[in-house]
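Below are the chains, spelled out letter by letter.
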Amino acid sequence: MRILVSGGAGFIGSHVVASLLEAGGRVSVVDDLSSGSRDNLPPGAAFYETDLTDPSLTEILLREKPEAVVHLAAQPAAPRSLADPCFDATVNITGTVNLLESARRAGVRRVVYTSSAAVYGDPLYLPVDEAHPVQPLSPYGASKYAAEVYLATYQRLYGIEGVTLRLANVYGPRQDDAGEGGVVAVFCRQLLAGETPEIFGDGEQTRDFVYVADVVSAVLAALRAGAGEVLNIATGEGTSVNELLRLLQQVSGRKAQAVYRPARPGDIRHSILSPQRAKAVLSWAPGYRLADGLRETYAALESGRR
Ligand SMILES: NC(=O)c1ccc[n+]([C@@H]2O[C@H](COP(=O)([O-])OP(=O)(O)OC[C@H]3O[C@@H](n4cnc5c(N)ncnc54)[C@H](O)[C@@H]3O)[C@@H](O)[C@H]2O)c1
């Protein structure tokens, strides 16, 4: 299968590219390297250093003729979207439309798009399922949702099969400390460097941490099933930030007393997504226990593996 991965040099994208290559796919990557790195890319993928909004994207898709696109490239940080909502919308909305339009012209059959739990905003109930109202609390949440709507529109208009995966807090090797689910990456780095971990608020806020390998298997499943679906990709379990630090101390064998800072304005108290629909539609389930995923993440950082 010929697949084009946007954002393939990033954290999640590079794991997706590696798995697609392992499965025998012919993979091309479009990435402007704004937060990704060429070092993340496994050998064997064709690479185009191109901005998602660039008109030349169409020529790339016409040349590569992918059967499917996995669309991960994005401005991925909610704080940046608050500071510069126009930039966020340019990348996440205009960039997505440019990609969809290029995909249409190149005859792409399916687009798998990674959206975010940020579209839900402050949960009205837990776990949040896909019927929960969409009430983003950041321009990032709004732009990720707008791209979902465009994807569905392209399916209705042109028959391109679209699958939206709303990811919870993803963690794993190669994650930058700045991303959405960055707390695992931040704690790992702080523990390894012998620094004092910082917790914002009382640490009892919960998140749904899903391991990157489980996200990859969901993306691979979505290349085969789930046309027209919007699916949460999550574990359905909440872990508090205090508990996360305790687990990481166990895994790393490093003890460090956390300092507590004032809660950050706008931080959601609890975020847990239900993966039931993805389980039914994709025959997918998260395979990693948190402690095992954390062990792999910490070991990769410690050994300097990419
Ligand atoms: N990490 C998470 O916890 C999480 C949670 C929910 C959703 N997501 C979504 O998953 C996707 C991947 O996120 P990630 O965590 O791997 O982030 P990342 O920053 O590691 O990856 C994004 C990639 O897109 C590239 N990119 C950014 N702007 C671009 C542009 N204009 N043109 C071309 N390439 C561009 C970056 O260089 C980078 O390689 C994003 O769409 C993000 O919104 C991530």
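You'll find the structure just up there.
So, a few notes on the structure that sits alongside this text. (Residues numbered from 1 in each chain as written. Predicted model: local features only at pLDDT ≥ 70, side-chain atom pairs only at ≥ 80, totals over all residues.)

### Structural notes on helix 10 (residues 290-303)
One full turn of an α-helix is made of 3.6 residues, so residues set three or four places apart face in the same direction. For helix 10, spanning 14 residues, the distance from its first C-alpha to its last is 20 Å, which sits close to the expected 20 Å at 1.5 Å a residue. Considered for burial, the residues of helix 10 that qualify are Leu290, Gly293, Leu294, Thr297 and Tyr298. Here the buried residues of helix 10 occupy an arc of 125° about the axis, which is enough to place them on one side. Residues of helix 10 that are exposed and point more than 90 degrees away from the buried face comprise Ala291, Glu302 and Ser303. (Helix = DSSP H or I, 4+ residues; strand = E, 2+ residues; numbered from the N terminus. Expected span 1.5 Å × (residues − 1). Buried ≥ 20, exposed ≤ 12 C-beta atoms within 10 Å, placed from the backbone. Arc of directions from axis to C-beta.)

### Remarks on the pairing of strand 4 (residues 68-71)
Of the two faces of strand 4, the one carrying Ala68 and Val70 and the one carrying Val69 and His71 are both buried. Bridge count between strand 1 (residues 2-6) and strand 4: 4 bridges; the pairing is parallel. From the neighbouring strand, Ser6 faces strand 4, where its bridge partner is His71. In this structure, strand 4 lies alongside strand 5 (residues 110-116), joined through 4 bridges in parallel fashion. Residue Val69 lies in a different strand from strand 5, and its bridge partner there is Val111. (Pairing = 2+ DSSP bridges.)

### Considering the sheet that holds strand 2 (residues 26-31)
As summarised here, the arrangement of the 7 strands in space is 3-2-1-4-5-6-11, forming an open sheet in which the pairing is parallel. Where the open sheet ends on each side, the last strands, each with one partner, are strand 3 (46-49) and strand 11 (230-233). The mean angle between the axes of side-by-side strands here comes to 20°, regardless of whether they run parallel or antiparallel. Sheet analysis places strand 6 (residues 161-167) next to strand 11, joined by 4 bridges and oriented parallel. Counted as the bridge partner of Leu165 is Leu231 from strand 11. Relative to strand 6, helix 7 (residues 212-222) is tilted by about 165°, and along the sheet it contacts strand 4, strand 5, strand 6 and strand 11. (Axes fitted to C-alpha atoms, helices over the stretch in contact; angles between N-to-C directions. Contact = placed C-beta atoms within 7 Å.)

### A look at the environment of Leu100
Relative to the elements of secondary structure, Leu100 occurs in helix 4 (residues 85-106). For the pair Leu100 and Ala131, spaced 31 residues apart in sequence, the C-alpha to C-alpha distance is 25 Å. Apart from the residues lying within four places of it in its own chain, the contact partners of Leu100 are Val111, Tyr150, Leu151 and Tyr154.

### A closer look at the packing of helix 8 (residues 241-252) against helix 10
For the pair helix 8 and helix 10, the least separation of the axes is 9 Å and the interaxial angle reads 55°. Accordingly, the angle class assigned to the pair helix 8 and helix 10 is oblique. Remark: the crossing between helix 8 and helix 10 carries right-handed chirality. From helix 8, Leu247, Leu248, Val251 and Ser252 reach across to helix 10, where they touch Leu290, Ala291, Leu294, Arg295 and Tyr298. Residue composition of the contact of helix 8 with helix 10, grouped by class: 7 nonpolar, 1 polar and 1 charged. (Parallel < 35°, antiparallel > 145°, perpendicular 65-115°, else oblique. Left-handed = near helix turned anticlockwise from the far one by under 90°. Nonpolar A, V, L, I, M, F, W, Y, C, P; charged D, E, K, R; others polar.)

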